[in-house]
Amino acid sequence: MAFDNLSDRMQMAMRRVTGKGRLTEKDIEEMMREVRLSLLEADVNYKVVRSFTKEVKEQAMGERILKGLNPGQQVVKIVNDELKKIMGEETVGLTINAVGITKYMMVGLQGAGKTTTAGKLAMFLRNKNNMKPLLVALDIYRPAAVEQLKTLGAQLNVDVFEMGTSEKPINIIKRAMDFAVSNGNNLVIANTAGRLHIDEAMMQELVDVKEFLKPEEVLLTLDAMTGQDAVTVASSFNDTLGVTGAILTKLDGDTRGGAALSLRQVTNIPIKLM
């Protein structure tokens, strides 16, 4: 998993201070150098690394720590608390309407795993919350995306609404909502188009869909393997659409995990699912 390597490195850094009856400023300096390198190698945003190490160092250098009992354990607690702050100290769950239709809009770049994630999300909420999901195919630029969503729907026994690739996404989502009402779906997951990079036309299309749909969640699918670039992508989508949560994919294929540690701190977007 993405955090295993980082976790191992951090634990090695912590060993410099744990078990010592007294700590010196040199001990803490050496530990912080290891921590800083661990975070940078994990591709954590350098601004996040800088503020994190500054905060930990200031607290760890305090007289209460240097002259207190079990100073190593206290330093470990400081590091742990600061990491929790970076990740967001409280879990933020998905918003689900008690009545009516809950609407989610899936956004993200091409190749992040958005379509597959939409299917997983539908299955997850059907099993966990007994919902009746409808997947909506709004990616009209990639014929394979519509077929992929239809295949996923058939495999998962989940309803899929599609109108091929010739209709505009705004028209498709309007018809899809009518279908959801008549078909008794209480969860609509709109799978929007991604591009290889963010462009104006793509964003305007997403804005139009959002204004009509008024989704409870705008969920950004992010490939964890993109590291710090994930923060840049998240900021762009967030500035235009007001992203409510991120879903991180491909964490099993990455040894770094820096995207996860940077995302909340830099963009304030909570990670809702991995």
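See the structure printed just above.
In short, a report on the structure. Being a predicted model, the structure only gives us computed values, none of them experimental.

What to know about the environment of T192
Topologically, T192 is positioned in the loop between β4 (187-191) and α9 (200-213). Expressed as a C-alpha distance, the spacing of T192 and F237, which sit 45 residues apart in the sequence, is 13 Å. Beyond its immediate chain neighbours, meaning those up to four positions away, T192 contacts M105, M106, V107, K114, L138, D139 and L206.

Observations concerning the pattern of salt bridges
Inspection of every chain in the model, using the stated rule, returns 13 salt bridges. The salt bridge involving R195 is made with D199; its shortest N-O contact spans 3.4 Å. Assessed through its relative accessible area of 22%, D199 is described here as partly exposed. Put simply, K250 and D223 hold a salt bridge, and the shortest N to O gap is 3.3 Å. Of this pair, K250 sits in the loop between β6 (245-249) and α11 (258-267) while D223 sits in strand β5 (residues 217-223); the two residues are 27 residues apart in sequence, bridging distant segments of the chain. For D223, a relative accessible area of 14% corresponds to the buried category. Connected through shared salt-bridge partners, E147, K150 and E162 make up one network.

Description of the nonpolar core
One finds V107, V136, L206, L222, F237 and L241 to be the most contacted residues of the largest nonpolar core, which totals 40 residues. Broken down by element, this core gets its largest block of residues, six residues, from α9. Once you skip the residues sitting within four places of it in the chain, L206 turns out to touch M105, V107, T192, F237 and L241. The next biggest cluster of nonpolar side chains, apart from the first, holds 26 residues, and it includes I28, V48, A60 and L66.

The rules behind these values
Residues numbered from 1 in each chain as written. Predicted model: local features only at pLDDT ≥ 70, side-chain atom pairs only at ≥ 80, totals over all residues. Heavy atoms only, no water. Helix = DSSP H or I, 4+ residues; strand = E, 2+ residues; numbered from the N terminus. Contact = heavy atoms within 4.5 Å. Salt bridge = Lys/Arg side-chain N within 4 Å of Asp/Glu carboxyl O. Buried < 20%, exposed > 50% of the residue type's maximum accessible area, 1.4 Å probe, protein only. Core = buried A, V, L, I, M, F, W, Y, C linked by side-chain atoms within 4.5 Å.

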